[in-house]
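The primary structure of each chain is shown beneath.
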Amino acid sequence: MSPAEASAATLTVICVAVIAVYRILCWLLDRHIRARREERAELARWEAREKQAAADVEAARRQGEIAQLEAWLQLPNRPKNVIPHHRTEEDQ
């Protein structure tokens, strides 16, 4: 092999190696970018679920308050959460 052929072969091997390293780095970068994008999407979905859950809890609380007010309007003089006391002959 002549020196010109040896230098051409060396240059070819170096170019192939550089291209291979470049392709691997591009693949890794693309993988990293996709992973970050998926993480952001999952975080956005999580935050949306939390907001929806908070809204559901608030709606349930309001419904409970409305039900209590409606019950109070129907029987305004009746005390709530009172244990009835049954008098016996000994108490009298």
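To be clear, the structure that these remarks concern was listed above.
Now for a description of the structure that goes with this document. Quantities reported herein were computed from a predicted structural model and do not represent experimental measurements.

Calculation rules
- Every chain's residues receive numbers from 1 upward, in the order its sequence appears when written.
- This being a predicted model, a pLDDT of at least 70 is required before a residue's local features are given, and a value of 80 or more before pairs of side-chain atoms are given or counted; all residues contribute to the totals for chains, interfaces and linings.
- By convention in this description, side-chain values take in all heavy atoms of the structure and omit both hydrogens and water.
- Throughout this description, the term salt bridge denotes a Lys or Arg side-chain nitrogen within 4 Å of a carboxyl oxygen of Asp or Glu.
- Helix and strand assignments come from DSSP, with helices taken as H or I runs of at least 4 residues and strands as E runs of at least 2, each series counted from the N terminus.
- Note on classification: 1.4 Å probe, protein chains only; a residue is buried when its accessible area is under 20% of the maximum for its type, exposed when over 50%, partly exposed between these limits.
- A residue counts toward a patch only above 30% relative accessible area and without a salt bridge, and it is joined to like-charged neighbours within 9 Å or, for Val, Leu, Ile, Met, Phe, Trp and Tyr, to nonpolar neighbours within 5 Å.
- Surface accessibility in these figures is a Shrake-Rupley result with a 1.4 Å probe; residues are shielded only by whichever protein chains are displayed.

Quick notes on the pattern of salt bridges
One side chain can pair with another of opposite charge once the charged atoms of both are near each other.
Point 1. A full pass over the atoms with the stated rule returns 7 salt bridges.
Point 2. A salt bridge links arginine 61 to glutamate 58, with the shortest nitrogen-to-oxygen separation between them at 2.3 Å. In this pair, arginine 61 and glutamate 58 are both assigned in helix 1 (residues 3–74), 3 residues apart and thus about one turn of the helix distant.
Point 3. Using a relative accessible area of 29% as the deciding quantity, one classes glutamate 58 as partly exposed.
Point 4. Several salt bridges share partner residues, and in doing so they unite Glu58, Arg61, Arg62 and Glu65 into one network.

Focus: a nonpolar patch on the surface
Point 1. The grouping of Val21, Ile24, Leu25, Trp27 and Leu28 at the surface amounts to a nonpolar patch, some 510 Å² of accessible area in total.
Point 2. Following the sequence through the fold, valine 21 ends up in helix 1.
Point 3. Look at valine 21 and you get partly exposed, because its relative accessible area is 47%.

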